[in-house]
Amino acid sequence: MPFLVSGTVDALGAGVDDVAVGDRVVGFLPMTGTGAAAEYVIASAEILTGAPGNIPLADSAAFPLVALTAWQALFDHGKLTAGQRVLINGAGGAVG
């Protein structure tokens, strides 16, 4: 099961400048650790990104999974590179 998280940054470790206390974020925790069913989670700043402001945090937690699936399809499996174009036909699902 993926460890998807969403929430508001409560505190920062030393040297973190990509996010700030109070930022709304989503992330996909490494699947080698423990789960994310907790009130607080310690996460590396590199795995977090800003959460959409117009969607409740609980709902936006699913974004990292579909975004990573699309990224892997285009770049890892499709070998898409800078400057190339791609037509995504029938992009009505969550990943599309």
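Analysis parameters
Residues numbered from 1 in each chain as written. Predicted model: local features only at pLDDT ≥ 70, side-chain atom pairs only at ≥ 80, totals over all residues. Heavy atoms only, no water. Helix = DSSP H or I, 4+ residues; strand = E, 2+ residues; numbered from the N terminus. Buried < 20%, exposed > 50% of the residue type's maximum accessible area, 1.4 Å probe, protein only. Contact = heavy atoms within 4.5 Å. Areas by Shrake-Rupley, 256 points an atom, 1.4 Å probe, with all protein chains shown as cover. Expected span 1.5 Å × (residues − 1). pLDDT = per-residue confidence, 0-100. Pairing = 2+ DSSP bridges. Axes fitted to C-alpha atoms, helices over the stretch in contact; angles between N-to-C directions.

Student: Describe the overall build of the protein, and please don't skip the residues or the numbers.
Tutor: The helix and strand inventory of the protein stands at two helices and three strands. Along the protein, from the amino end to the carboxyl end, the secondary structure elements read β-β-β-α-α. Within the protein, the proportion of its 96 residues that are buried is 20%. Put simply, 56% of the contacts in the protein that link residues at least 6 apart link residues at least 24 apart. Of the roughly 7,000 Å² of accessible surface on the protein, 58% is carried by carbon and sulfur atoms.

Student: Could you give an account of helix H2 (residues 63–77), naming the residues involved and the relevant values?
Tutor: Helix length check: H2, at 15 residues, gives a terminal C-alpha distance of 20 Å against a target of 21 Å (1.5 Å per residue), a fit within 8%. Downstream of H2 by one or two residues, Lys79 has phi in the positive range, about 55 degrees.

Student: So, the side chain of Ser60: which residues are in play, and what are the values?
Tutor: By secondary structure assignment, the location of Ser60 is in helix H1 (residues 57–60). The class of Ser60 is buried, set by a relative accessible area of 0%. Setting aside residues no more than four positions away along its own chain, Ser60 makes contact with Ser6, Val26, Ala51, Pro52 and Ile55.

Student: Tell me about the environment of Thr49, and name the residues and values.
Tutor: Residue placement: Thr49 occurs in strand S3 (residues 48–50). Along the sequence, Thr49 and Asp23 sit 26 residues apart, while their C-alpha atoms lie 9.4 Å from each other. Contacts of Thr49, omitting those with residues within four sequence positions, involve Arg24, Val25 and Val26.

Student: How would you explain the confidence of the model for the protein if you had to name every residue and give the values?
Tutor: For the protein, mean pLDDT is 84; residues scoring 70 or higher make up 88% of the total. When the elements of the protein are averaged for pLDDT, H2 gives the smallest value, 83, and S3 the largest, 90.

Student: Account for the sheet that holds S3, naming residues and giving values.
Tutor: Read from one edge of the open sheet, three strands run S1-S2-S3, paired in antiparallel fashion. At either margin of the open sheet sits one strand with a lone partner, and together these are strand S1 (3–8) and S3. Direction aside, the axes of adjacent strands within the sheet are offset by 25 degrees on average. Relative to strand S2 (residues 24–29), S1 is paired through six bridges, and the arrangement is antiparallel. Across the sheet, the residue bridging to Gly7 is Val25, located in S2.

Student: Just give me the short version of the environment of Ala20, but keep the residues and values in it.
Tutor: Mapped onto the secondary structure, Ala20 falls in the loop between S1 and S2. The partly exposed category is assigned to Ala20, whose relative accessible area is 34%. The spacing of Ala20 and Val9 is 11 residues in sequence and 6.8 Å in space, taken between C-alpha atoms. Apart from residues lying up to four places away in sequence, Ala20 is in contact with Val9 and Leu12.

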